[in-house]
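Survey of secondary and tertiary structure
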Amino acid sequence: MSPTEPSTSGPIIETAGLTRTFTVRDGVRRRRLTAVDDLTVTIEAGEAVGYIGANGAGKSTTIKMLTGILVPTRGTVTTCGLRPVRDRRRLARQVGVVFGQRSQLWWDLPVRESFRILAAIHDLPGDVERARTGELVDRLEMAEFLAIPVRQLSLGQRMRAEIAAALLHAPRLIILDEPTIGLDVLSKQRLREFLVAERATHGTTLLLTTHDMGDVERLCDRVLVVDRGRLAYDGDLPGLGRTTGAERVLVVDLVAPSPDLTAIPAARHLDSEAHGLRQRLAFDPDLTTAAKVFAAVTERVDVRDFTIAEPDIEDVVRRLYARQASG
Ligand SMILES: Nc1ncnc2c1ncn2[C@@H]1O[C@H](COP(=O)(O)OP(=O)(O)OP(=O)(O)O)[C@@H](O)[C@H]1O
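Rules used throughout
- Residues numbered from 1 in each chain as written.
- Predicted model: local features only at pLDDT ≥ 70, side-chain atom pairs only at ≥ 80, totals over all residues.
- UniProt positions renumbered as here; feature names shortened; annotations may be inferred.
- Helix = DSSP H or I, 4+ residues; strand = E, 2+ residues; numbered from the N terminus.
- Buried ≥ 20, exposed ≤ 12 C-beta atoms within 10 Å, placed from the backbone.
- Contact = placed C-beta atoms within 7 Å.
- Pairing = 2+ DSSP bridges.
- Axes fitted to C-alpha atoms, helices over the stretch in contact; angles between N-to-C directions.
- Parallel < 35°, antiparallel > 145°, perpendicular 65-115°, else oblique.
- Left-handed = near helix turned anticlockwise from the far one by under 90°.
- Nonpolar A, V, L, I, M, F, W, Y, C, P; charged D, E, K, R; others polar.
- Near = placed C-beta within 6 Å.

In the nomenclature of an unreviewed UniProt entry, the chain is known as Methionine ABC transporter ATP-binding protein of Frankia canadensis. If you open the UniProt record of the chain and go to Subcellular location (unreviewed entry), you find "Cell membrane".

Right under this line is the structure:
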């Protein structure tokens, strides 16, 4: 391998002391704002990592530095063995990015034309293009809207098309910014299933920012929490739950009104509505499971329907920040 070839072994992302500051106006005065502060992190090929934090915590700024859009103020960053700013074009061949409001699609063209143009930009040979487009159209269920101009797509359809566009060249690393935001439950589920399958088939590394705990839970085996630019947590999701004491909530709709379900083992009755027809029970996922709590409920009453409310990410992050502030 020549020294300029991107490395295919070793970590896929490696940062050391990565820092970015901005000068912002504060009335008439100017001050330095540290958006990303001394971030040192290594992500190995094949990992699926959730990058979470409150609004303004520094997630987008980090992604911009990882992909070469923004120059770091200090520290180093290597993505797919390349220096992102210097090697931005070569990096683009290895990374697929779906980022905020930025679209890779041509709004007035049918979806399939955008795919053709992108395949040409990536120099995909005809047979590779056909096979990959076919795979993505199939897995993302896009056949019925391939001929429609992008501007006429629904949000869910457009997100699928954006993801296909970013993945057409089968990148080693996919970076997704809020991939399921605004999608209905079914679209969310399909998109998550697709990402799981893509990773299983191609061994792709996944880095995603999200405010949706369900995304992290279903897609990620590692979570990084950033707080005011600093890395506040690096570990798995159950560990984050343990650290913050985040509870989950089982909501049950009963067939008939019932007294409060206060005696369910390892669960805490939160509240009841409509004479006990709907009840909410909180439980610690470290001490029990949703299935056990549900089974204990069905032993006592007839259940018509149920949902499990996941902890809100902002809540988890708030708890983590509060814990850090107190010691
Ligand atoms: N170009 C810029 N000039 C000045 N300040 C900036 C710039 N870009 C980001 N910032 C500031 O840096 C901080 C981190 O912003 P960033 O967009 O990285 O956060 P984020 O975690 O992605 O937030 P969100 O979840 O809202 O997208 C914020 O205080 C933001 O206002």
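After that view, the rundown keeps rolling.
1. Things to note about the overall build of the chain
For the chain, the helix and strand inventory stands at 10 helices and 13 strands. Seen along its three principal axes, the alpha-carbon backbone of the chain occupies a region of about 70 × 50 × 45 Å. When the 327 residues of the chain are sorted by exposure, 35% land in the buried category. When contacts within the chain are restricted to residue pairs at least 6 apart in sequence, those whose partners lie at least 24 apart make up 68%.

2. With respect to the sheet that holds strand β1 (residues 13-26)
Pairing is antiparallel in the open sheet, where 3 strands are placed in the order β2-β1-β4. Of all the strands in the sheet, just β2 (29-43) and β4 (74-79) have a single pairing partner and so form its edges. Ignoring which end each strand starts from, the neighbouring axes of this sheet average 30° apart. Across 5 bridges, β1 lies against β4 in antiparallel orientation. If you follow Thr19 over to β4, its bridge partner there is Arg74. Its contacts with the sheet place helix α1 (residues 59-66) against β1, β2 and β4, and it is angled at close to 65° to β2.

3. So, the environment of Thr42
Structurally, Thr42 can be placed in strand β2. Note on Thr42: 14 C-beta atoms within 10 Å, which makes it partly exposed. Filtering out sequence-adjacent residues up to four positions away, Thr42 remains in contact with Pro11 and Glu14.

4. Looking at the packing of helix α3 (residues 111-121) against helix α5 (residues 155-167)
It is at 10 Å that the axes of α3 and α5 come closest, and there the two elements cross at 15°. With respect to their mutual orientation, α3 and α5 come out roughly parallel. Handedness of the crossing formed by α3 with α5: right-handed. In contact with Val111, Ser114, Phe115 and Leu118 of α3, α5 contributes Ala161, Ala164 and Ala165. Residue classes in the contact of α3 with α5 are distributed as 6 nonpolar, 1 polar and no charged.

5. Observations regarding the site of the ligand
Within the structure, the ligand sits among Phe22, Val24, Leu33, Ala35, Gly53, Asn55, Gly56, Ala57, Gly58, Lys59, Ser60 and Thr61. Counting residues per element, the ones that place at least two in the shell around the ligand are β1, β2 and α1. When residues in the shell around the ligand are grouped by element, the largest group, 3 residues, is from α1. Along the lines of polarity and charge, the residues of the shell around the ligand split into 5 nonpolar, 6 polar and 1 charged.

6. What to know about the environment of Ala290
Along the chain, Ala290 turns up in helix α9 (residues 290-300). Between the alpha carbons of Ala290 and Arg248 there is a distance of 8.4 Å; along the sequence they are 42 residues apart.

7. So, the sheet that holds strand β5 (residues 95-98)
Taking strand neighbours across the sheet as the criterion, the 6 strands line up as β5-β6-β7-β3-β8-β9 in an open arrangement whose pairing is mixed. With partners counted over all chains shown, the strands left at the sheet margins are β5 and β9 (230-235), one partner each. Shown here is a sheet whose adjacent strand axes are inclined to one another by a mean of 15°, direction ignored. Relative to strand β7 (residues 205-209), strand β6 (residues 173-177) runs parallel, the two being bridged by 5 bridges. Bridge pairing links Leu173 to Thr205 in β7. Of the strands in this sheet, β8 (222-227) and β9 touch helix α8 (residues 237-244), which is tilted by about 120° from β9.

8. Side note on unusual backbone geometry
Non-glycine residue Ala170 carries a positive phi angle of around 50°. Judged by the 18 C-beta atoms lying within 10 Å of it, Ala170 falls in the partly exposed class. The phi torsion at Arg228 lies on the positive side, around 45°, for a residue other than glycine. For Arg228, a count of 16 C-beta atoms within 10 Å puts it in the partly exposed group.

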